[in-house]
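# Coordinate inspection notes
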Amino acid sequence: MVFELPNSLIIIFNIIAWLAIHLGVSLLALQIPDHYFSRKNAWFNSIKWEKDGQFWEDSLHIRQWKDALPDSSSIFKKAFNKKKVARSDKTTLEKFVIETQRAEWTHWVSMLPAPLFFIWNPVWAGWLMILYALIANLPFIIIQRYNRPRLLRLIRMKDQH
């Protein structure tokens, strides 16, 4: 730790810092044009061991908990509302795929500042902030990586009809 603050101030600063990071990165992601996410990007492709999302269902039973997590559309008006998917036309499904990539990008980028918390926290608390970053973001990344292959399958099925 570079300098010492009272524990109460550290806790308050950590909460404010994380809130600013999450909101700031989310707002930034909403400014990125769709075409950035609509082009082919290997980062967002399913990895072979993910088995097009089936790994997440088999190992983490994702269907049982994914809808219990908050959705950015409840916070940001500009965010994509998943309820629109009920229409399930091809254009809406394609937009949803883009939004899964935007959401995944958002949660990866939200974790990047976690090491900065070592500056004002004791080492043990810095590691706790790393753990928080993982717990607060990985479930959302997993949801995107689970949903995207399913959506792409639906789009392919629509193309065949």
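Keep in mind the model is a prediction, meaning the values are calculated, not measured.

In this fold, Thr 100 is placed in helix H4 (residues 90-111). Setting aside chain neighbours within four positions, we find Thr 100 in contact with Gln 144, Asn 147, Arg 148 and Leu 151.

A few words now on the packing of helix H1 (residues 7-31) against helix H5 (residues 123-160). In contact at an axis separation of 13 Å, H1 and H5 are set at 40 degrees when each is read in the N-to-C sense. Judged on the interaxial angle alone, H5 and H1 are oblique. As for how H1 packs across H5, the hand of that crossing is right-handed. Residues Asn 14, Trp 18 and His 22 of H1 pack against Met 129, Tyr 132, Ala 133, Ala 136 and Asn 137 of H5. Its residues assigned to classes, the contact of H1 with H5 comprises five nonpolar, three polar and no charged.

Residues separated by three or four positions in an α-helix point in the same direction, a consequence of the helix having 3.6 residues per turn. The terminal C-alpha atoms of H4 lie 32 Å apart, and with 22 residues this matches the ideal 32 Å at 1.5 Å per residue to within 8%. Counting buried positions over the 22 residues of H4 gives 16, a clear majority of the element.

A few words on the UniProt feature "transmembrane region" (unreviewed entry) in the protein. As recorded in UniProt, the sites labelled "transmembrane region" (unreviewed entry) are residues 6-30 and 129-147. The straight-line gap between the two end C-alpha atoms of residues 6-30 is 36 Å; of that span, 96% is helix and 0% is strand. In residues 129-147, helix accounts for 100% and strand for 0%; the two terminal C-alpha atoms are 28 Å from one another.

Bringing unusual backbone geometry into the picture now. Its identity is not glycine, yet Lys 51 carries a phi of approximately 50 degrees, on the positive side. One non-glycine residue with positive phi stands out, namely His 61, at about 50 degrees. For His 61, the position within the fold is in the loop between helix H3 (54-60) and H4. With relative accessibility at 40%, the residue His 61 sits in the partly exposed group.

With 38 residues, H5 should reach 56 Å at 1.5 Å per residue; the first-to-last C-alpha distance of 56 Å fits that figure. Of all the bends found along H5, the most pronounced is centred on Asn 137 and spans about 30 degrees, while Pro 139, a proline, follows it within four residues.

Attention shifts here to the environment of Glu 99. With respect to the helices and strands, the residue Glu 99 is situated in helix H4. With a relative accessible area of 11%, Glu 99 lands in the buried category. Glu 99 sits 62 residues away from Phe 37 along the chain, and the two C-alpha atoms are 8.0 Å apart. Among the polar contacts listed, one links the side chain of Glu 99 to the side chain of Lys 95, at a separation of 2.9 Å.

The rules behind the values
- Residues numbered from 1 in each chain as written.
- Predicted model: local features only at pLDDT ≥ 70, side-chain atom pairs only at ≥ 80, totals over all residues.
- Heavy atoms only, no water.
- Helix = DSSP H or I, 4+ residues; strand = E, 2+ residues; numbered from the N terminus.
- Contact = heavy atoms within 4.5 Å.
- Axes fitted to C-alpha atoms, helices over the stretch in contact; angles between N-to-C directions.
- Parallel < 35°, antiparallel > 145°, perpendicular 65-115°, else oblique.
- Left-handed = near helix turned anticlockwise from the far one by under 90°.
- Nonpolar A, V, L, I, M, F, W, Y, C, P; charged D, E, K, R; others polar.
- Expected span 1.5 Å × (residues − 1).
- Buried < 20%, exposed > 50% of the residue type's maximum accessible area, 1.4 Å probe, protein only.
- UniProt positions renumbered as here; feature names shortened; annotations may be inferred.
- Bend = angle between axes of the 7 residues up to and from the residue.
- Polar contact = N/O pair within 3.5 Å; in protein donor to acceptor, adjacent residues only side chain to side chain.

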